[in-house]
Structures are given as C-alpha cells and as structure tokens.
Amino acid sequence: MAAAGERRGEPQHQDFVGEAEGDDAAAHRENVGVVVLAREPRRVEVVAERGADARNFVRGDLFALSAPAEHDAALGPALRDRAADADADWRIVHRFFAVRAVIVDGVPERRQRLFEMFLQREARVIGANRDAHGQRLYYVRDMPPSVVISARGEERLRDGHPWIYRADVADIRAHAGDVVLVRGARARHLGHALYSDRSQIALRMLAYGTALGDVDDIDRRADALIRQRLEAAIAFRASLGIDATAYRLVHGEADLLPSLIVDKYGDYLVVQALSQAMDRRLPAIVAALDDLLKPRGILARNDPRARTLEGLEQRVDVLAGDIPDTVTVSEVGIEYDVDVRRGQKTGLFLDQRENRAAAAQYARGRLLDAFSYNGGFALVLGRRCQETIAIDVSEDAIARVRTNAARNGVAVDARVGNVFDELRGMERLGERFDTIVLDPPAFAKNKAAVANAHVGYKEINLRAMKLLNPGGTLVTCSCSYHVNEADFAAIVYGAAIDAQAHVTVVEKRMQGRDHPVLLGVPETYYLKCFILRKLP
Ligand code: SAH
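Scope of this entry: the structure provided in the associated data block. (Residues numbered from 1 in each chain as written. Predicted model: local features only at pLDDT ≥ 70, side-chain atom pairs only at ≥ 80, totals over all residues. Heavy atoms only, no water.)

## Some remarks on the overall build of the protein
When helices and strands are tallied, the protein shows 15 helices and 24 strands. Within the span of the protein, comprising 536 residues, buried residues form 56% of the whole. Restricting the contact set of the protein to residue pairs at least 6 apart, pairs at least 24 apart contribute 65%. Of the roughly 22,600 Å² of accessible surface on the protein, 50% is carried by carbon and sulfur atoms. (Helix = DSSP H or I, 4+ residues; strand = E, 2+ residues; numbered from the N terminus. Buried < 20%, exposed > 50% of the residue type's maximum accessible area, 1.4 Å probe, protein only. Contact = heavy atoms within 4.5 Å. Areas by Shrake-Rupley, 256 points an atom, 1.4 Å probe, with all protein chains shown as cover.)

In structure tokens:
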C-alpha cells in the first residue's frame, strides 16, 4: 500500500481530516471514510470509503493515496466522531496493515465531496469481519472512475491536443470504455475523457476543467454534453448550404466528439464509434440523433480496422429503423446509388465533394479519373469533357461507375485496372489527356509506410504530368495523414522536375467544410488536393 501511495499526488490532507472535527457525527452517518496511516512518517493513506468491499480492503488493492500529515494529532479529532460499529474496520486494518487507522465519520456533504476525490468505489457490499453487514452500515457510494496523467500528458492537453497516450498515464482507476475524471499532479481536475484500456490512445478528452460538472452522475452528464455537441455539429452543417443530400454531420475530434463519425445519406444516418467509450455511448447517441433528425434509419458501420486497436468487434448493425440496400443521394447535380452497408468508408467519399465541384471548373477535353471508386470525379468533371476514362482496381466500384454514369447520362469508359500499370501502358502508347485526376487510397496508413508512400505518389504524379497535354490540369490528392501538405507538395514538385514540366499551383485544397480541421490536432487534416496546371 505504501508503495502505491507514493506514486500519487498529494491531496490537501489537512483540509479534509483536520476540519472533520467540527462535523456533526449524528448526521450523514453513511458518509464514512477510513484513513490509514502509512508506514512512512508524515504520510497518510486514504484507503477506503467505509462501505467499500472489505475483501478488497484486506487484499490491499483499494485506492490508496498519500498525503503529508503534519502530525498524528491531525487525525485525532476525526476519531471522536467514529461510528459505534467502527471496530470491524479497525480489526481488519490492524490485521492486514499493522498500522493505525482512523475512522472519519459524520462527514457532511461538502466534506464528503472532497473524500470522493480520493476514495475508490468497489461495488460489492460486505462487512469488514467478512459477515454481511446491513446496507445502512456499509453504504456503497458511486465513485467516479479516474485517471491520473503525467506532466507530459498535461503539457499535451495545454497544447490543445485531446489525446493522451498510454505512456503518459500514471494511474488508472477505471474500466474499459468509462468516461473518466482526468487528474494531474496534486489531484488537479483537468477534465473528463473517454478511456480505453486497449488503445495506445488511452484518453480522448471530452470536456476540460469542471465543464462536465461535479463527480456525480457522470454518464448522464456525458450523454447530455454529447447531445449538445451533436446539435451544434448538425446546425453548423445546415448553415453551410451544402449542394448535396449526403454529407458529414459529425467529424470526430473536430466536433469535440472524439472517435465519433456521423454521415447523412438522404433520410438515413451512418455512424461509426471508433473507441470503447463512444461504442458504449452509442445507444444514447442513437436516441439523440433520432430525436434531433428523425431519420428513417441509422446504420452503424463499425467495421473499420481501427476498432480492433480498441479490442472492439468489426461489425455492421442497423441501430434504428430500416436501411435499404441502396440509398439514392445527389451531390453537385449528380445522383448516386449508394450501398451504405458495404461501400467504402460509409458509402461515398464525402470529403471530396467540394474538390470535385472546384475541379470541374478546369475540366475539359480528354479526362482520366484514376482511382475512380464509383465515379465521383468522372461524373462531375465528365459533364464538361469530350471523353472520360475511369480506372479502379475494384470490379464492384467500376460496376457502380457504369450504373451511375448511365443514370446521369454521362458517357464514361469505366475500366477495371491497376492505375500503376495502366499509366505505364498509356505512356507507352503515347496517350494524352487534358484533365487528369489522381485520388489514390492512403498509401501511408502508418509511419512505417511513409517511405514507400513517397515512391508511390511520386510515380503516379510523374506519369500523370507526362500524360498531360500542355495547358492541361492535374488534380492530385493524398489522404495520408502521415504525408503532410509540405511533404506532398515536395513530392509533386519532384515529379514536375522529373517530367521536365513547368507546373503552377492553381488551387490548394483540402477535405470539404463538413470535415473541418481542429487547430492543434494535425490528425484532423488528412486530405490534400492540389489543382495544378502544366504550362504550355
Ligand atoms: N476518387 C474517388 C475515391 C477514390 S478512393 C471518389 O472521388 O469517390 C481510392 C480508390 O482507389 C478505391 O476505390 C480503390 O478501390 C482504388 N484503388 C486502390 N489501389 C488501386 C490501384 N492500384 N489501382 C486502381 N485503383 C486502386
């Protein structure tokens, strides 16, 4: 116990033990705490709220917290208030810790709250002498789950980043998926966070300081806060005048709803809960969304691989209403049939909507849409071009390009193929285009893949610049967070040098406004899109 006590901060022991003197012992009898003096002088350990499970008490795995005690007398006054039935606790304390203990009884509400910062809840009820005691005597009070973070973790929070990594967590009193009180040195309240017992991202901040209120009823308060943030996120999207019936309503961290995605597809919603705690809160989130938007159905696309890092299952579930096999949506004047159950991401690449519209202004002549998926760029730009070729390695995606092209009356030559091979083949054949779109998948899904990703981006950009007619437009994208904007610009520049082309940057773009970037959180800026012109 002593060792455990040493690791923790120093609560203001004087504040709570000393002042217990004046308390009314008769009142609040259930608010009982046990304070045990540790072996080291000048330290005290608060071991358990009375009512904590005595088995845990004797196993010594209860919350122990060290604090400076000026002298033993500081604990004396509380002794006078001890409950008549305090002996059982004494016995256990003596037997297993061989240290002196003090029962702090009759603690009024205000004092009790101070204790709550230091005391651990254990939900079972048993007497200290291992006989069952009455509920009244061993009243179990809910204690909030809490996590103490290191100085480095605090620094990250101060810099505005909502993630605390496992290495920066000093002490955990919480279960997987809890909303926890986050404390720093000297038990300072830093806020509340979503806790994961598996991910390297141990905490995702939900609220700072005392914004989530006091220690009680944290789950209900968290759900209320999440609902408020959903409302704000939805209202913001409504204000954007988005030219589409499908768009992102909630973009995780950037809407202060870490690890939560909500996309709208017409009358349907698709949600992703990418952490243990968001997953646990899904019922409340679904209820709030249902209430705020009255969708015809809500689907959980909880199949991203990121869920495995949280020890969560990859699954797809209808959470409310019905979800049809295909949902028809429109975007920038094009209609799509979307398979929200099986399509990539949540069905469409919604983050490219505004880039498609922007790129359309430059599109003309012969268009190549490389990595087309179901034809987003090909269809929007193709309306302005003489000939359109779309290439994707996925047969499913190409089948959808064909249906979507027919539905919208845009002629598209949709081909299943590997873009790397196809570009090489076209170069060999001396083909030329006036407009080329490169929208590959994230080549760098992690840091280890960055070097290879550079090679991949360089190759496709170099070939595209060679295939481009002078005066032509290249729309080139990267959605790898690990290749940042400057890196990507350098790669594209390198490609221009090798292609012996003078290339101007006409527009530097990013993901659409419904996927905003949170300053201080570079992870929320992942999609880069440059519109380039090859000078004649
Ligand atoms: N441009 C699309 C999104 C593209 S997502 C839009 O606006 O909606 C990336 C696409 O690249 C996926 O559809 C994937 O199937 C495809 N892909 C991945 N590797 C490929 C390769 N080597 N050759 C061709 N397509 C590839």
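## Concerning the environment of L518
Take L518: it is sitting in the loop between strand 23 (503-510) and strand 24 (528-534). The spatial distance from the C-alpha of L518 to the C-alpha of D255 is 8.1 Å, given a sequence separation of 263 residues. Not counting chain neighbours up to four residues away, the residues in contact with L518 comprise E253, A254, L256 and T524.

## Things to note about the site of the ligand
Close to the ligand lie 15 residues; R356, F371, D392, V419 and D439 are nearest. In the model, a nitrogen atom of the ligand is placed 2.9 Å from a nitrogen or oxygen of the V419 main chain. About the coverage of the ligand: the protein hides 90% of its 580 Å² of free accessible area. Looking at the shell around the ligand residue by residue, the classes come out as 7 nonpolar, 5 polar and 3 charged. (Near = heavy atom within 4 Å. Polar contact = N/O pair within 3.5 Å; in protein donor to acceptor, adjacent residues only side chain to side chain. Nonpolar A, V, L, I, M, F, W, Y, C, P; charged D, E, K, R; others polar.)

## Some thoughts on the pairing of strand 20 (residues 413-416)
Alignment of strand 19 (residues 387-392) against strand 20, held across 4 bridges, turns out to be parallel. Bridging from a neighbouring strand, I391 pairs with R415 of strand 20. Handedness of the strand 19-helix 12 (residues 395-408)-strand 20 crossover: right-handed. (Pairing = 2+ DSSP bridges. Right-handed = clockwise from strand over helix to strand, strands pointing away.)

## Some details on helix 7 (residues 151-158)
For helix 7, every residue scored as buried is listed here: G153, E154 and L157. In an axial view of helix 7, the angular spread of the buried residues amounts to 100 degrees, which keeps them on one side of the axis. With respect to the buried face of helix 7, the exposed residues turned more than 90 degrees away are A151, R152 and R158. Packing partners of the buried residues in helix 7 comprise strand 5 (146-149), strand 6 (163-165), strand 9 (189-195) and strand 10 (201-208). (Arc of directions from axis to C-beta.)

## A few points about the nonpolar core
By size, the foremost hydrophobic cluster in this structure holds 40 residues, and its most contacted members are Y265, V329, Y336, V340, L381, V412 and V475. Among the secondary structure elements, those contributing two or more residues to this core are strand 13 (268-273), strand 16 (327-331), strand 17 (334-338), helix 10 (353-360), helix 11 (376-382), helix 12, strand 22 (468-478) and strand 24. Residues in contact with L381, not counting those within four places in the same chain, are R356, A359, A360, A363, L367, T435 and V437. Counting 34 residues, the second largest nonpolar core, distinct from the first, contains A233, I234, L249 and V262. (Core = buried A, V, L, I, M, F, W, Y, C linked by side-chain atoms within 4.5 Å.)

## Regarding the pattern of salt bridges
The final tally for this structure, using the stated rule, is 40 salt bridges. A salt bridge links R315 to D317; its shortest N-O distance comes to 2.8 Å. Judged by its relative accessible area of 35%, R315 falls in the partly exposed class. In this structure, R400 engages D339 in a salt bridge whose closest nitrogen and oxygen atoms are separated by 3.9 Å. Of this pair, R400 sits in helix 12 while D339 sits in the loop between strand 17 and helix 10; the two residues are 61 residues apart in sequence, bridging distant segments of the chain. Exposure remark for R400: the relative accessible area of 27% places this residue in the partly exposed category. On the basis of relative accessibility, which here comes to 10%, the residue D339 falls in the buried class. Here the residues in one salt-bridge network are D421, R424, E427, E459, R463 and K466, joined through shared partners. (Salt bridge = Lys/Arg side-chain N within 4 Å of Asp/Glu carboxyl O.)

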